[in-house]
Amino acid sequence: MAQVRCLSPQLAHQAHEELGEINGKVEDDLVALKVWISKQAHLTARTDDQFLIAFLRGCKYSLERAKEKIDMYYTIRTAIPEFFVDRDPQNKKLLEVLRLGLSLPLPTPVESNGSRILLVKQGAYDPSKVSIVDVLKISYMITDVMIWEDDNCTVAGQTILVDLQGLSFGHLTQVTPTLLKKMTSSIQEAYPIRQKGMHFINPMPGFESLFKIFHSFLSEKIKKRTFVHGSLEELHKHIPKSLLPTEYGGDAGPVQQIIDDWTDKLLSKRDWFLDDVRYKSDEKKRVGKAKNADILMQGSFRSLDFKKKKRNMPNIRPLPEALAQKAAKELNEVPERIDEDLATLRTWIAKQPHLKARTDDQFLVAFLRGCKYSLERAKQKIDLFYSVRSNFKDIMSDRDPMSEKNLDIIRLGVGLPLPNTITPDGPRIILIRPGVYEADKYDILDVMRISIMANDISMLEDDHMMVAGQMGILDLSNVTMAHFLQFSPTLVKKMTVMNQEALPIRLKGFHYINTPAGFETVYNLFRKFLNEKNRNRLHVHGDNLESLYEHIPKKLLPKEYGGEAGSVKELTVKWEKKFMDYRDYFLEEAKYGTDEKKRPGRPKTEETIFGIDGSFRKLNVD
């Protein structure tokens, strides 16, 4: 189990809703970060769970962004060492700065799940005696402690209250544009803390000039959350009096008590700070171009100019409102982040010497949705998607829908997605009728080929299937022993690996109707290979359609099943046209797959993929 503190119910809810934190997924993401860190030759980084989860939360569980931020966290410490060396809290000079209380997290957030308030007393030191570098050093030390200890800060973010009382020309001369750039770069690019707002109080004459310079370095989002207040009454409209120290008209006790508490806290962390010096970036070992202060200040940070970049919008269909809400809640889909995630997948695919894969946005977003926006799982599934197809040649050969055999099977309507769903955000319902093909004329592999082709079409155009999943109705009317005999344990394993592990489609349940004698044998064999979640979603109704209607409304079914969704023949004709429309797509598919001779490490073969003992772990597909 991950070694992290349990969040309060309010913060846990916020972490899930706003950051995409899913308890069952956290441990996998932490492992992925640790594996990545171990492979970075230039990086000596902490791998404690509580430390790493702060980066996951600060990056809304985008693994790629978390990796970038961890790398930058240590790179900036090496490239701009003046803020991060000699951090012994018992050092006399630092202890004097600490006791000035220039940077103080207030003890109580606005709400139980609210952001942490940081009081910065910008003018409360003598600039002729104290360097702003030491002031910032203490501030970053306090921020490091908050990353470890303050769940409000890592989940809900940080609101900064800057008191300009006493700010003088001497203070202003210490703040150069270069220093401002270093400051804002460190906080916005290297630290996994979301800035929720900034409030300035007690502005002095001339502050406007400094503020314009500072403001220009901020991101657009933070600019909109930055306020200058001419009075405490204005401040209290944003931050309740009850949370502020006595000196700010509040009820939270004197500033000195907060200073004493944080002085004790940093002194108690002395061993941690002395040990922390060994964690850093060794740029001589970095793969590619080394980073230093000059390079960083020229703009190697993603947003050093802090102007919002225009992004190319991903070329995917907008979701209907109900599905968009479901994608956000259940799949962690953040529309503003999709383009970045797609770019990450394309970059990863380009670096795989063994993999020739499609990189269309609509194709790749299917894998992101099928893996709940875990980039690592999406990469695994894309690789498996093509590995299975390259090794299951009986299914993947002859995918021309106009070939005689394929067209005959298409016209039988063995597998038919139904036009309507139970709810506006419900899964796609698939009617499967294996009894309509002649077992002495067609092999089950031929039928499966058409089924996989239909799934390929749905991956590209059916948002219900890709967001809400798939629910199957398996009608076993007219299924004979000859049909059952076409199923071997090896074939069943291949089918379940392909459908359950290699397709980015969440299985939401199966309903069996018109089950014949002997069905139990094949059913138990098939059930054995499913994971526990999918086993619990299997329902056998026999010939009792009323039992089926309790799960799937009658009106959604074809008229042959008592419903109002048109006839089976009409649905079959519709899907025949769809197959023909996609003919060029299927013919082009032959060029995609894996070349196992070029795979780094052990090649994947039919035996390793489909071995009955199971070389792939079972993915929790929902």
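Residues numbered from 1 in each chain as written. Predicted model: local features only at pLDDT ≥ 70, side-chain atom pairs only at ≥ 80, totals over all residues. Heavy atoms only, no water.

Caption draft 1: Focus on the overall build of the protein. When you go through the protein residue by residue, the secondary structure sums to 31 helices and 14 strands. In terms of overall dimensions, the protein has C-alpha extents of about 95 × 50 × 40 Å along its principal axes. Put simply, the protein has 622 residues, and 56% of those count as buried. Counting contacts in the protein only where the partners sit at least 6 residues apart, residues at least 24 apart contribute 78% of the total. Working note: accessible area of the protein is about 28,000 Å², and carbon and sulfur atoms make up 52% of it. (Helix = DSSP H or I, 4+ residues; strand = E, 2+ residues; numbered from the N terminus. Buried < 20%, exposed > 50% of the residue type's maximum accessible area, 1.4 Å probe, protein only. Contact = heavy atoms within 4.5 Å. Areas by Shrake-Rupley, 256 points an atom, 1.4 Å probe, with all protein chains shown as cover.)

Caption draft 2: Fine view of the sheet that holds strand β3 (residues 116-121). Spatial ordering of the open sheet is given by β2-β3-β4-β5-β6, a layout of five strands whose pairing is mixed. Both edges of this open sheet fall to β2 (103-105) and β6 (226-229), since each of them pairs with a single strand only. Across this sheet, the average inter-strand angle for adjacent strands is 20°, counted without regard to direction. Where β3 lies against strand β4 (residues 158-163), six bridges are found, and the strand directions are parallel. Counterpart to R116 in the pairing with β4 is Q158. Strand contacts of helix α6 (residues 132-149): β2, β3 and β4, with the helix running at about 20° to β2, the strand carrying the most contacts. (Pairing = 2+ DSSP bridges. Axes fitted to C-alpha atoms, helices over the stretch in contact; angles between N-to-C directions.)

Caption draft 3: Expanded view of the sheet that holds strand β10 (residues 428-432). The strand order across the open sheet formed by five strands is β9-β10-β11-β12-β13, and the pairing between neighbours is mixed. Two strands bound the open sheet, and with one partner strand each, they are β9 (415-417) and β13 (538-542). Direction aside, neighbouring strands of the sheet carry axes that sit 20° apart on average. Here three bridges tie β9 to β10, and the two strands are oriented antiparallel to one another. Each bridged residue has a counterpart across the sheet, and for L416 the counterpart in β10 is L431.

Caption draft 4: Looking closely at the nonpolar core. F51, I70, Y74, W262 and L266 are the most contacted members of the largest nonpolar core, which totals 77 residues. At eleven residues, α6 tops the list of elements feeding residues into this core. Every residue in contact with F51, bar those within four places of it in the chain, is listed here: R46, Y73, Y74, I147 and W148. Counting 60 residues, the second-largest nonpolar core is a separate cluster that includes I338, F385, M396 and M466. (Core = buried A, V, L, I, M, F, W, Y, C linked by side-chain atoms within 4.5 Å.)

Caption draft 5: Structural detail: helix α19 (residues 375-391). With 17 residues, α19 ought to run about 24 Å at 1.5 Å a step, and its terminal C-alpha atoms sit 24 Å apart, in line with that. Judged by how many residues are buried, α19 sits mostly within the fold: 16 of 17 residues are covered. (Expected span 1.5 Å × (residues − 1).)

Caption draft 6: Looking closely at the packing of helix α21 (residues 404-412) against helix α22 (residues 444-461). The geometry of α21 relative to α22 is characterised by a closest axis approach of 10 Å and an angle of 75° between their N-to-C directions. Here α22 runs roughly perpendicular to α21, going by the angle between their axes. Between α21, through K405, N406, I409 and I410, and α22, the contact on the second element is made entirely by D446, V447, R449 and I450. Split into classes, the residues belonging to the contact of α21 with α22 amount to four nonpolar, one polar and three charged. (Parallel < 35°, antiparallel > 145°, perpendicular 65-115°, else oblique. Nonpolar A, V, L, I, M, F, W, Y, C, P; charged D, E, K, R; others polar.)

Caption draft 7: The arrangement of the side chain of S390 in detail. Mapped onto the fold, S390 is located in helix α19. By relative accessible area, which is 16% here, S390 ends up buried. Engagement of the side chain of S390 in a polar contact is seen with the backbone nitrogen of T594, the distance being 2.9 Å. Those residues in contact with S390 that sit more than four places away from it in its chain are G593 and T594. (Polar contact = N/O pair within 3.5 Å; in protein donor to acceptor, adjacent residues only side chain to side chain.)

Caption draft 8: A look at unusual backbone geometry. Despite not being glycine, K372 shows a phi value in the positive range, around 50°. Residue placement: K372 occurs in the loop between α18 (361-370) and α19. Positive phi, close to 50°, is recorded for D398, a residue that is not glycine. By the element assignment, D398 lies in the loop between α20 (393-396) and α21. Residue classification places D398 among the partly exposed positions, given a relative accessible area of 42%.

Caption draft 9: Structural detail: the side chain of D151. By secondary structure assignment, the location of D151 is in helix α7 (residues 151-156). Among the residues examined, D151 registers a relative accessible area of 13% and is labelled buried. A polar atom in the side chain of D151 sits 2.9 Å from the side chain of R5. Leaving out residues up to four positions away in the same chain, D151 has contacts with R5, C6, L7, L11, Q50, R57 and A156.

Caption draft 10: Just helix α25 (residues 489-502), in detail. Relative to the 20 Å expected for 14 residues at 1.5 Å per residue, α25 spans 18 Å between its end C-alpha atoms, a close match to the ideal helical length. Across the 14 residues that make up α25, a large majority, eleven, are buried. Taken together, the buried positions of α25 are occupied by L491, V492, K493, K494, M495, T496, V497, M498, Q500, E501 and A502.

Caption draft 11: Geometry of the packing of aromatic side chains. All told, the structure shown has 24 aromatic pairs when counted by the stated rule. Here the aromatic rings of F51 and Y73 are separated by 5.7 Å at their centres, their planes lie at 65°, and the arrangement is edge-to-face. Of this pair, F51 sits in helix α3 (residues 49-58) while Y73 sits in helix α4 (residues 63-79); the two residues are 22 residues apart in sequence, bridging distant segments of the chain. Each member of the pair, F51 together with Y73, is buried. A connected cluster of aromatic rings, assembled from ring pairs, spans F51, F55, Y73, Y74, F83, F84, Y140, W148, Y191, W272 and F273. Taking the ring centre of W262 as reference, the NZ or CZ of K265 above it sits at 5.5 Å. It is K578 that lies over the ring of W575; its NZ or CZ is 5.5 Å from the centre. (Phe/Tyr/Trp six-rings, centres within 6.5 Å; stacked < 30°, edge-to-face > 60°. Lys NZ or Arg CZ within 6 Å of the ring centre and 35° of its normal.)

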